[in-house]
Amino acid sequence: MIYKTNGILHLNIANFNRMKFVILFLALHSCLVVHSQHQDKVDFIQGKVDIKIDPMTETIAGSVTYKLEVLQKVDSVFLDAQNLNVIEVKLNNKKVKATNNSKRIVVHKRFKANKTYTLDITYAANPKQTVYFLGWKDDLFGNEQVWTQGQGKYTSHWLPSFDDMTEKLEYDLDISFDKTYEVIANGALVATKELDGLKKWSFDMDSPMSSYLLAFAIGDYRKKEVVSSTGVPISLYFYPSDSAMVEPTYRYTTAIFDFLEKEIGVPYPWQNYKEVPVRDFLYAGMENTGTTIFSDSYVMDSIAFVDRNFVNVNAHEMAHQWFGNLVTEVDGSSHWLHEGFATYYALLAEKELFGKEYYYWKLYETANQLKELSNKNMGEALIDPKAGSLTFYEKGAWALHVLRHEIGENDFRQGIQRYLKKYGFKNVTIDNFLKEMEMGTHSDLSAFRNRWLVDKNFPFDEAKTILVRESEDLKTFFELQKDMMTSSKDNESIIKKYWKSTNSDQLKAKITRTYYKSLSQDFIRELLGNESMLVRQALATSIVQLPLDLKYEYESLLNDGSYITKEEMLYKLWINYPNEREKYLNCTKGIIGFSNKNIRILWLTLALLTKDYEPNNTNEYYLELSRYTSPVYTNEVRQGAFQFLEQLIGFSDNNLLDLVDATQHHSWQFRKYARSLLDQLLEKKEYKDRIDRLSVKFNKEELRYISNKLISE
Ligand SMILES: [Zn+2]
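In the nomenclature of an unreviewed UniProt entry, the protein chain corresponds to Aminopeptidase N from the organism Arenibacter algicola. One UniProt comment on the protein chain, placed under Sequence similarities (unreviewed entry), says "Belongs to the peptidase M1 family."

Novice: Please clarify how the sheet that holds strand S18 (residues 233-238) should be interpreted in this entry.
Specialist: Either a parallel or an antiparallel arrangement is found when strands of a sheet pair, and the pairing is made through backbone hydrogen bonds. Taking strand neighbours across the sheet as the criterion, the five strands line up as S17-S18-S19-S21-S20 in an open arrangement whose pairing is mixed. Whereas interior strands pair on both sides, the edge strands pair on one side only; in this sheet they are strand S17 (222-227) and strand S20 (285-288). The mean inter-strand angle of the sheet, taken between neighbouring strand axes irrespective of direction, is 15°. By the bridge criterion, six bridges tie S17 to S18 in an arrangement that is antiparallel. Paired with Lys 223 across the bridge in S18 is Tyr 237. Helix H3 (residues 253-264) contacts S17, S18 and strand S19 (273-278) of the sheet and is inclined by roughly 145° relative to S18. Along the sheet face, helix H5 (residues 311-320) touches S19, S20 and strand S21 (291-295) and points at about 25° away from the line of S20.

Novice: Which parts of the structure should I look at to understand the sheet that holds strand S3 (residues 74-80)?
Specialist: Spatial strand order, S3-S7-S6: three strands in an open sheet with antiparallel pairing. With partners counted over all chains shown, the strands left at the sheet margins are S3 and strand S6 (98-100), one partner each. In this sheet, neighbouring strand axes are inclined to one another by 20° on average, regardless of whether the strands run parallel or antiparallel. Across six bridges, the pairing between S3 and strand S7 (residues 104-111) is antiparallel. Bridge assignment links Ser 76 to a residue of S7, and that residue is His 108.

Novice: Help me understand the UniProt feature "domain: Aminopeptidase N-like N-terminal" (unreviewed entry) in the protein chain, please; the structure alone is not making it clear to me.
Specialist: UniProt records the feature "domain: Aminopeptidase N-like N-terminal" (unreviewed entry) at residues 48-213, using the numbering of this structure. As annotated, residues 48-213 comprises 0% helix and 58% strand, and the C-alpha atoms at either end are separated by 15 Å.

Novice: Would you explain the domain arrangement of the protein chain in this entry?
Specialist: Accessible area lost when the parts come together is the quantity often used to give the size of an interface. We note that the domain assignment places domain 1 (46-220), domain 2 (221-315), domain 3 (330-470) and domain 4 (651-712) within the protein chain. Its C-alpha centre places domain 1 at a distance of 36 Å from the equivalent point of domain 4.

Novice: Just checking my understanding: could you explain unusual backbone geometry for this structure?
Specialist: What you tend to see is this: most non-glycine residues have negative phi, and most peptide bonds are trans. If you check the backbone angles, Asn 93 has positive phi at about 75° while not being a glycine. Residue Asp 612 is not a glycine yet carries a positive backbone phi of 65°. Among the secondary structure elements, Asp 612 is positioned in the loop between helix H21 (598-609) and helix H22 (618-627). Using a relative accessible area of 59% as the deciding quantity, one classes Asp 612 as exposed.

Novice: What is the right way to look at the packing of H3 against helix H6 (residues 336-354) in this model?
Specialist: A pair of packed helices is captured by two measures, namely the crossing angle of their axes and the spacing between those axes. Following both chains from N to C, one finds H3 and H6 inclined at 115°, their axes separated by 10 Å at the closest point. Remark: the crossing between H3 and H6 carries right-handed chirality. In contact with Ala 255, Ile 256, Phe 259, Leu 260, Glu 263 and Ile 264 of H3, H6 contributes Tyr 345, Leu 348, Ala 349, Glu 352 and Leu 353. Each residue belonging to the contact of H3 with H6 can be placed in one class, and the counts come to nine nonpolar, no polar and two charged.

Novice: Sorry, what's going on with the nonpolar core here?
Specialist: One recurring pattern in soluble globular proteins is that nonpolar side chains are buried together. Ranked by size, the top nonpolar core spans 228 residues in total, and within it Tyr 66, Phe 216, Trp 336, Tyr 345, Trp 398, Phe 433 and Tyr 554 carry the most contacts. Residue contacts for Phe 433: discarding those within four places in its chain leaves Trp 336, Leu 337, Phe 341, Leu 400, Leu 403, Ile 416 and Tyr 419.

Novice: Would you take a moment to explain the side chain of Lys 566 for this structure?
Specialist: Turning to its location among the elements, Lys 566 is positioned in helix H19 (residues 563-576). For the buried Lys 566, which has no salt bridge, the nearest side chain bearing the opposite charge is Asp 560, at an N-O separation of 7.7 Å. A polar side-chain atom of Lys 566 sits 3.3 Å from the main-chain carbonyl oxygen of Asp 560. Look past the residues within four positions of Lys 566 in its chain and what remains in contact with it is Leu 558, Asn 559, Asp 560, Ile 591 and Ile 599.

What counts and how
- Residues numbered from 1 in each chain as written.
- Predicted model: local features only at pLDDT ≥ 70, side-chain atom pairs only at ≥ 80, totals over all residues.
- Heavy atoms only, no water.
- UniProt positions renumbered as here; feature names shortened; annotations may be inferred.
- Pairing = 2+ DSSP bridges.
- Helix = DSSP H or I, 4+ residues; strand = E, 2+ residues; numbered from the N terminus.
- Axes fitted to C-alpha atoms, helices over the stretch in contact; angles between N-to-C directions.
- Contact = heavy atoms within 4.5 Å.
- Domains from an automatic or database assignment.
- Buried < 20%, exposed > 50% of the residue type's maximum accessible area, 1.4 Å probe, protein only.
- Left-handed = near helix turned anticlockwise from the far one by under 90°.
- Nonpolar A, V, L, I, M, F, W, Y, C, P; charged D, E, K, R; others polar.
- Core = buried A, V, L, I, M, F, W, Y, C linked by side-chain atoms within 4.5 Å.
- Lys, Arg positive; Asp, Glu negative; His and termini not counted.
- Salt bridge = Lys/Arg side-chain N within 4 Å of Asp/Glu carboxyl O.
- Polar contact = N/O pair within 3.5 Å; in protein donor to acceptor, adjacent residues only side chain to side chain.

Here is the structure:
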């Protein structure tokens, strides 16, 4: 049974989705604090890994051969190994005694100085994290995936390796798997071989790296091959059903690659580059050496490209191939050298593609966020290993923008090149970096260091001065702001004066979003008719009440080439003009929207809420919406469906089972959402009884999680 109400929706999926996107965006990676545990008397040179993955049991059977040089005599060496089952350890081909405390494998033996040893470990893993198995237990065909997320020290969950980022070695990976899938890993694929119904993919790397950057991704993939202007092969992976999305998703990939090589001035350090989308990824993207894994919510069509594209994340992960992978922080106190740099170089790439003002608007946006953080007394120093992502990423990028200006373009680039060449394939601290930048320029960067890296507060006034000096748009915007504040009347004439003086769509969109309440209907009509999509989108997202006089103009926005605009207008038109609901639903029927199905989920909800809308299809629409909570859909789709069903219709037994399933999801954000929703439901007796009755269908983990909640009163 479905209850229909004609009341106002209590949540706006548009805002909800955008907020979620921002969260995803800010959470590019976890920030990490790794405590040094270096074995400085031993140097590991090479690791040859051979693993066989069984997705049905979620286990890995593996062996690894390490070559190590002993610099000073020691009586033991160790490897980090989280809950690995060690089967055999051999030193120089002879069985040797080793202890395994579920965290480390320690080999006890007198190792002699200046000698090279070979250490073989045969092991089995049943990783509870770091390796993720998706889609192997459902009835769908083709959605099966296995992939890793190893930052900052998690590779030891599937391979005896080094949680310490300062241990860099050359890795070669052999992976055996069902031959019908594609196996992707770091390095160059040098051979494949079929054996016992499995296929073995052999990857070779020729330069050393930290263990956390080891990665593989397995699934049903096709690829598009492109080449950088310097001849580096780039493989762009996609799901077979997404071939039409390859162009918009990967738009500008080679342009970004070429730009970064030229801008940084040091050749791309690895043999090849691959980009692989995966489902329900934990972050937006991860820069594994030569093999970026990213969230398939960035796989998109050309309309979505206009609203939110992969360009920034694409450039960010690519920039990490130098900043993070080639030169790696010693520990978390130098995390700026990874995230600040990747964010800054991604911004530079966007500046190259979208223009100077685009770059400054982004800097202005982050300056505002950082100012807010400082104002709340929550400002963080860039040298603080516990700082949050806003600090590491955005304050970090600001610091580099300022540094480049302070020492000059030329010296900045030369300093960066000196730094990368000197510390390539090694580890660095912030002070190592600053020293390289000071050298050659003979400038003293201690004032810069204190202001931008040590001080917790964000120097907003300095940032604003820079923006006024360098950006025409922002200079104009600040002047307008001042005029608006000091004038007592006729705000629109002030706005019009500035409007006429600029051709910048970004500035106009910003003015619209900031001052839409001051705009007359006549002026808005003009904007809806003549201005760019960006301005129309700013109106669509800002305006709440739609006056009858502008009904026709607002309706035309349903056809705009932006999913954000379409979604906003469908919702707002439906609310504002109740008599026309059928018309709005008819003309947006079948639009899916972003990969989170934002428009489709909203549409189904509105269709169900609209009295007498296609009564014969009501049940079908309900079933479709209800189905979206199922684990065969991505987190974003599931969360959208839960949210709307909860607000409007309530949950079926299947939805409840899906929710319980979601409380065990590998993505902590989604798991947290599901757990809090479940807690809310359990407060209601009706739901508690139903969930209790359903508990016979729970699996072991679900039961363990819920049984306490069901008992407690
Ligand atoms: Zn990053």
